[in-house]
Amino acid sequence: MLTIKNLVKRFGDNEVLKDITMDVGQGEVIAIIGPSGSGKSTLLRCINYLEEPDSGYINLEELSIDTTRANKKDIDRLTRKSSMVFQHYNLFKNKTVLENVTEGLIVTRKMKKKEAVEKARGILEKVGLLAQLKQYPATLSGGQQQRVGIARALAMDTPLLLFDEPTSALDPELVKGVLDIIKSITELNQTMIIVTHEMNFAKEVSDKVIFMEDGYIVEEGPPKEVFDHPKHRRTAQFIHQFD
Ligand code: ADP
Ligand code: MG
């Protein structure tokens, strides 16, 4: 359902994504691993145009975008097809938990407030935050804030969900609760790309692992192969750091 071809992204002279080509099937869960600075976040951000690629193609469902000549209408369609869960949650600090989730539904999806609230409540219940609806993000634990971030992404009902190191900012004791919620989403035939340093989690939930380094995809394959029998020395070195 997603095909990326020859994607290139530069920041000034720094070529951060160098010819990225990848395929994601409907319902697949992709884990992206790799060292800091290898371009993982930039790749996710290009997929929903939080960053504009310099060149390459992004095909998502029926949309085909040549990023060198994309028009506003296509970009708009593309951005509506994915939602992102950020490392640092990126919640609206001056909005309540409930408002954080309804905002996109009301503003972007033009949903009536009553309907948006109903929908948001249902999703917040699933992530265990019904008791915190009226609280502001600052009053929540990191784990609770990230669950709001997940609820907000889920509420948009996008064909693709993007997770950028969703547990990296959390205190260790809060990681498992958030991973469990993400894991429960993987069981819903939802297409997901998850950037993570949680190797056991990646191994457990993903259909395919992609190892990135220095703006390239070095290796990709089923988790058992990439983790247990990496083809490249750099993949093996990277993975062994987590042993
Ligand atoms: P990762 O997520 O794998 O750690 P990133 O995609 O965040 O890597 O960053 C890859 C490279 O791009 C890094 O060298 C980083 O400094 C650079 N970079 C990322 N975002 C920007 C930006 N907005 N402006 C300039 N350089 C950036
Ligand atoms: Mg990153």
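Residues numbered from 1 in each chain as written. Chains lettered and ligands numbered in written order. Predicted model: local features only at pLDDT ≥ 70, side-chain atom pairs only at ≥ 80, totals over all residues.

An unreviewed UniProt entry lists the protein under the name Amino acid ABC transporter ATP-binding protein, from Corticicoccus populi. As stated in UniProt under Subcellular location (unreviewed entry), the record for the protein gives "Cell membrane". (UniProt positions renumbered as here; feature names shortened; annotations may be inferred.)

Colleague: Looking at this model, I keep getting lost on the overall build of the protein. Mind explaining?
Modeller: A tally of regular secondary structure across the protein gives nine helices and 10 strands. The C-alpha radius of gyration computed for the protein amounts to 18 Å, which stays within 12% of the reference 18 Å derived for 243 residues, consistent with globular compactness. Relative to its full complement of 243 residues, the protein shows a buried share of 42%. (Helix = DSSP H or I, 4+ residues; strand = E, 2+ residues; numbered from the N terminus. Rg over C-alpha atoms; globule rule 2.2 N^0.38 Å. Buried ≥ 20, exposed ≤ 12 C-beta atoms within 10 Å, placed from the backbone.)

Colleague: How should I be thinking about the environment of Phe-242 in this particular structure?
Modeller: Along the polypeptide, Phe-242 turns up in the segment after helix H9 (233–240). Sequence separation between Phe-242 and Val-24 is 218 residues; the distance between their C-alpha atoms is 26 Å.

Colleague: Before we go on, may I ask you to explain the packing of helix H4 (residues 113–126) against helix H5 (residues 142–155) in this structure?
Modeller: Between two packed helices, the angle of one axis relative to the other and the distance separating the axes together describe the packing. Close contact between H4 and H5 brings their axes to 9 Å; oriented N to C, the two are set at 130°. Between H4 and H5, the interaxial angle falls into the category oblique. In terms of crossing hand, the pair formed by H4 and H5 is right-handed. From H4, Lys-119, Ala-120, Ile-123 and Leu-124 reach across to H5, where they touch Ala-151, Leu-154 and Ala-155. Looking at the contact of H4 with H5 residue by residue, the classes come out as six nonpolar, no polar and one charged. (Axes fitted to C-alpha atoms, helices over the stretch in contact; angles between N-to-C directions. Parallel < 35°, antiparallel > 145°, perpendicular 65-115°, else oblique. Left-handed = near helix turned anticlockwise from the far one by under 90°. Contact = placed C-beta atoms within 7 Å. Nonpolar A, V, L, I, M, F, W, Y, C, P; charged D, E, K, R; others polar.)

Colleague: Can you help me understand the site of ligand 1 in this one?
Modeller: Taken together, Phe-11, Asn-14, Val-16, Gly-34, Ser-36, Gly-37, Ser-38, Gly-39, Lys-40, Ser-41 and Thr-42 form the complete shell of residues around ligand 1. Of all elements in the fold, only strand E2 (14–24) and helix H1 (40–47) reach the threshold of two or more residues within the shell around ligand 1. Considering each element in turn, the shell around ligand 1 owes the most residues, three residues, to H1. Broken down by class, the residue content of the shell around ligand 1 amounts to two nonpolar, eight polar and one charged. (Near = placed C-beta within 6 Å.)

Colleague: What is the right way to read the sheet that holds strand E7 (residues 160–164) from this model?
Modeller: What links the strands of a sheet is backbone hydrogen bonding, and the strands pair in either a parallel or an antiparallel sense. One open sheet holds the six strands; their spatial order is E6-E7-E8-E3-E9-E10, and the pairing between them is mixed. Edge positions in the open sheet fall to strand E6 (82–85) and strand E10 (216–221), since each of these has one partner strand only. Along the sheet, successive strands turn relative to each other by an average axial angle of 20°, direction set aside. Both strand E9 (residues 208–213) and E10 contribute to a ladder of five bridges, which runs antiparallel. Note that in E10 the partner of Phe-211 across the bridge is Glu-219. Along the sheet, H5 makes contact with E6 and E7, crossing E6 at roughly 180°. (Pairing = 2+ DSSP bridges.)

Colleague: How should the sheet that holds strand E5 (residues 63–66) be read in this particular structure?
Modeller: Spatial strand order, E2-E1-E4-E5: four strands in an open sheet with antiparallel pairing. Two strands bound the open sheet, and with one partner strand each, they are E2 and E5. Pairs of neighbouring strands in the sheet enclose a mean axial angle of 15°, with direction left out of account. Both strand E1 (residues 2–11) and strand E4 (residues 55–60) contribute to a ladder of five bridges, which runs antiparallel. Considered in E4, the bridge of Lys-5 is made with Tyr-57.

Colleague: Please clarify how the UniProt feature "domain: ABC transporter" (unreviewed entry) in the protein should be interpreted in this entry.
Modeller: When the UniProt feature table is mapped onto this chain, "domain: ABC transporter" (unreviewed entry) is found at residues 2–239. For residues 2–239, the end-to-end C-alpha separation is 26 Å, with 38% helix and 26% strand making up the annotated structure.

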